[in-house]
Amino acid sequence: MKRYRLLLIALPLWLAAPAAPASEPLAGSTPNIILMITDDQGYGPIGRHGHPWIQTPHLDQLYDQSVRFTRFLVSPTCAPTRSAMMTGRHAMRNGVTHTILERERMTLDAVTLPQVLKQAGYRSGIFGKWHLGDEEPYQPHQRGFDEAFIHGAGGIGQAYDCSCADAPGNKYFDAVIRHNGSFVKTHGYCTDVFFDAALGWIKRVKDDDSPFFAYITTNAPHGPFIAPPKNAKRFTDLGFGEQQAGFYGMIENIDENVGRLLERLEAWNLQANTVVIFMSDNGMTGGGSGKGVIGMTPDGKKLEFYNAGMKGLKGSVDEGGVRVPFFVRWDGRIAPGRDIDRIAAHLDILPTLAALAGVPVPQGQVEGRNLLPLLQTPDTPWPDRYMFSHKGRWKTGDSPDNHQWKDFSVRNQRFRFVENVALYDMQNDPGQTTNVIAEHPELVQQMRAAYDDWWKKTRPLMVNEDAPMSPTRPFHEWYKQQLETTGIPDWAAPQL
C-alpha cells in the first residue's frame, strides 16, 4: 500500500500537482509532516495578504499553491497557542494562563501531538522555540520528541524570577542551544541555525521506513528585534527605525529560509509525500511593527503601518490579536489556490494530523475538529461553533475568577463578542468599527451563557495558579554544570 508523508511548516511552497480525486481520502495516508510557526509575525506581514511593501516571495508562492484558512484563530499570546497545538484543547485547560511565572508549563497530564503521531510510527523533531516549561519533566524530549534542538524561555536570552529562562547571556547570533538535553554552541543567526538543524535532521530520516514530523518554530520575529545586517539594511535605508528594521528584516530572513527549505525538499524529491503548513502564533506584535508612517521610498512614497484592516495586535482578544495565516499545501493530494472561510483554530491541528496519520486522539482531551473534510472539499457542510479567547496574564496569586469577564471574547462564524460590552458583525464589519450589541440581545445572551459554562468547566484545569516560583533557573543550572565539567562543544552544522 502506498504511504504518503506530511509536512507542516509556517512558510511558502513550490509548484503543486493536480489534486487527487476525492476517492483517495487524506485520512490515514501517513505523510511526512513539517509544521512551521513564526513568533509574533501575525497575519499582516505577508505580501499576498495585501502588505504594501514587505517582500515575501516564498511565502507568496506558498500562498498561491496552498489551501488558505482565512479565519484561522489562535491565542492572544505565544505559550497558550503552542499548548493548544500540542494537545488539541484550549490552553487554559492545559494550565497555561501566562507566558512566564510557572504558568507557561503545559500540564504533565496531557498527551502531546508527537506522542499521538508515534502510534503511527512517526519520528518527531522540534527546532527552535518550545516555551511550555523549562523544568526537565516539561522539556520536549520528555514529551514525545525524538530530536529536540531548542532555546529556553519564550525568547532567546530571556530570564525571569522563576524557572522560565534561557541559557545565560544568550544572543540571536551564535546562541547556545539545548540539543537533546545537552548544550551546544552554534554559529550564525538563530533562524538560519534552526533551519539548518531541521534540514539536517530531515536529511537523516527522510529515507527511513517511518514518516517524520518536523516542528520548525522560529524565535523570530519576537523581540528584541534583531535581524541579520543585510536584512535590516533594506529597511534602515528606507528610513525605518532600528526596531522596525529589525522586525521586518527578521520576517524577510524567515522568508529566505522558507525558500531554502522548499528547495531542499524538491531536491530530495519529498513533495509528493510531504504536506506543508505555515502559521504564526498570535497577532502581530506592536513593539516592532510600528505605527503610522514607518519609512519612505527614494521617490517619496510613504510606507505606512499595515495590519490588514484588523483591530488589535498581539495580546488583544480582538480579531487582529488572534487571527493568523494558515496555509496548507500537499502536491497532488490537496488542490491549491482555494480559500476556506470557516473559522478554525490551533486546537484543530492535533486532530487533523492524527486523522492524517490514521490514529485515534486522546479520549476526553481533544476539543478541536479534524479539518481534513474542509481541506478535501472546502464547501462541505460545517456546523458553526464558538471559539473562546482570553488574554490571561493576571497577577500571580490573584483569583482567575476575578478576571472571568475581563480580556475575553467569543467568536462564531459571523460575530465576535468582546469583554461583555461589544458585539461585532465580522462578516459586514471586519474592522470592528460598529458595536451592534443592542441589535442582537438573544445572541449576546447565548454567547454569555456559553462562555460562562466554558469558564466553569475550565477553571479546575488551571493547575499552575498556585505553583510556587522556582528558586532556580534550570537552563542556568544545567549550563553552569556542563560548563564546569564537559564544557560547551561547538555544534557542527549539517552538510545539506
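In this report, we go over the structure that sits alongside the text.

Definitions and cut-offs
Residues numbered from 1 in each chain as written. Predicted model: local features only at pLDDT ≥ 70, side-chain atom pairs only at ≥ 80, totals over all residues. Heavy atoms only, no water. Pairing = 2+ DSSP bridges. Helix = DSSP H or I, 4+ residues; strand = E, 2+ residues; numbered from the N terminus. Axes fitted to C-alpha atoms, helices over the stretch in contact; angles between N-to-C directions. Expected span 1.5 Å × (residues − 1). Buried < 20%, exposed > 50% of the residue type's maximum accessible area, 1.4 Å probe, protein only. Arc of directions from axis to C-beta. Contact = heavy atoms within 4.5 Å. Phe/Tyr/Trp six-rings, centres within 6.5 Å; stacked < 30°, edge-to-face > 60°. Lys NZ or Arg CZ within 6 Å of the ring centre and 35° of its normal. Salt bridge = Lys/Arg side-chain N within 4 Å of Asp/Glu carboxyl O. Polar contact = N/O pair within 3.5 Å; in protein donor to acceptor, adjacent residues only side chain to side chain. Core = buried A, V, L, I, M, F, W, Y, C linked by side-chain atoms within 4.5 Å.

**Points about the sheet that holds strand β16 (residues 387-390)**
Phase 1: One open sheet accounts for four strands, arranged β16-β17-β18-β19; its pairing is antiparallel. Strands at the two margins of the open sheet, each flanked by one partner only, are β16 and β19 (422-425). The mean angle between the axes of side-by-side strands here comes to 15°, regardless of whether they run parallel or antiparallel.
Phase 2: As defined by bridge partners, β16 adjoins strand β17 (residues 408-411) across four bridges and the pair is classed as antiparallel. Residue Phe388 lies in a different strand from β17, and its bridge partner there is Val410.

**A closer look at helix α11 (residues 441-458)**
Phase 1: An ideal rise of 1.5 Å per residue puts 26 Å on 18 residues; α11 measures up with 25 Å between its terminal C-alpha atoms.
Phase 2: The complete set of buried residues in α11 reads Leu443, Val444, Met447, Ala450, Tyr451, Trp454, Trp455 and Thr458. The buried residues of α11 occupy an angular sector of 135° when the element is viewed end-on, so they sit on one face. Projecting away from the buried face of α11 at angles above 90 degrees are the exposed residues Pro441, Glu442, Gln445, Lys456 and Lys457.
Phase 3: On its buried face, α11 is in contact with β16, β17, β18 (415-418) and β19.

**Comments concerning the packing of aromatic side chains**
Phase 1: According to the stated counting rule, one finds 36 aromatic pairs in the structure shown.
Phase 2: Summarising the aromatic geometry, the rings of Trp53 and Phe240 are spaced 5.2 Å apart at their centres and angled 75° between planes, so their arrangement reads as edge-to-face. Of this pair, Trp53 sits in the loop between β1 (32-38) and α1 (57-64) while Phe240 sits in the loop between α5 (229-236) and α6 (242-267); the two residues are 187 residues apart in sequence, bridging distant segments of the chain. For the pair Trp53 and Phe240, a shared accessibility class is recorded, and that class is buried.
Phase 3: An aromatic cluster of three or more residues is present, and its members are Tyr386, Phe388, Trp394, Trp405, Phe408, Phe417, Tyr451, Trp454 and Trp455.
Phase 4: Arg178 extends its terminal NZ or CZ atom over the ring of Trp478, reaching a point 3.8 Å from the ring centre.
Phase 5: In this arrangement the basic side chain of Arg323 is found over the ring face of Tyr43, its NZ or CZ atom lying 3.9 Å from the centre.

**Observations regarding the sheet that holds strand β15 (residues 344-345)**
Hydrogen bonds along the backbone pair up the strands of a sheet, which may run parallel or antiparallel.
Phase 1: Read across the sheet, three strands follow the order β12-β3-β15 without closing on themselves; strand pairing throughout is mixed. The open sheet terminates on both sides in strands that have one partner only, identified here as β12 (323-324) and β15.
Phase 2: Summarising the sheet, strand β3 (residues 72-73) and β12 pair through two bridges and their orientation is antiparallel. Within β12, the residue paired with Phe72 across the bridge is Val324.

**Details of the pairing of β18**
Phase 1: Residues Phe415 and Phe417 point to one face of β18 and Arg416 and Val418 to the other, with burial holding for every one of them.
Phase 2: With three bridges joining them, β17 and β18 adopt antiparallel strand pairing. What sits directly across from Arg411, in β18, is Arg416.
Phase 3: Pairing analysis gives four bridges linking β18 to β19, with the strands arranged antiparallel. Across the sheet, Phe417 pairs through a bridge with Leu423, a residue of β19.
Phase 4: As consecutive antiparallel partners, β18 and β19 are separated by three residues, and within that stretch Glu419 has a phi angle of approximately 55°, a positive value.

**Quick notes on the pattern of salt bridges**
Phase 1: Per the stated rule, a full pass over the model turns up 30 salt bridges.
Phase 2: Across the pair Lys314 and Asp40 runs a salt bridge, and its minimum N-O distance is 2.8 Å. One end of the pair, Lys314, is in the loop between β11 (302-304) and α8 (319-322); the other, Asp40, is in the loop between β1 and α1, with 274 residues separating them in the sequence.
Phase 3: Here Asp40 falls in the buried class, since its relative accessible area comes to 2%.
Phase 4: Arg48 is the salt-bridge partner of Asp60, the closest N and O atoms lying 3.7 Å from each other. Remark: Arg48 occurs in the loop between β1 and α1 and Asp60 occurs in helix α1; sequence separation between them is 12 residues.

**Digging into the side chain of His390**
Phase 1: Checked against the element boundaries, His390 lands in strand β16.
Phase 2: There is a polar contact of 2.8 Å between the side chain of His390 and the backbone nitrogen of Gly392.
Phase 3: Of the polar contacts made by the side chain of His390, one reaches the backbone oxygen of Lys406; its length is 2.9 Å.
Phase 4: If we skip the residues at most four places from it in the chain, His390 touches Pro76, Met92, Val317, His403, Gln404, Lys406, Asp407, Phe408, Tyr451 and Trp455.

**Considerations on the nonpolar core**
Phase 1: If you look at the biggest cluster of nonpolar residues, it comprises 55 residues, and the most contacted ones within it are Phe69, Phe72, Phe213, Tyr215 and Met279.
Phase 2: Element by element, the count of residues in this core is highest for helix α9 (residues 349-357), at seven residues.
Phase 3: Not counting residues up to four positions away in its chain, the partners in contact with Phe213 are Ile33, Leu35, Leu113, Leu117, Tyr122, Arg123, Ser124, Gly125, Phe145 and Trp201.
Phase 4: Membership of the second largest hydrophobic core comes to 48 residues, among which are Phe127, Ala198, Ile216 and Tyr248.

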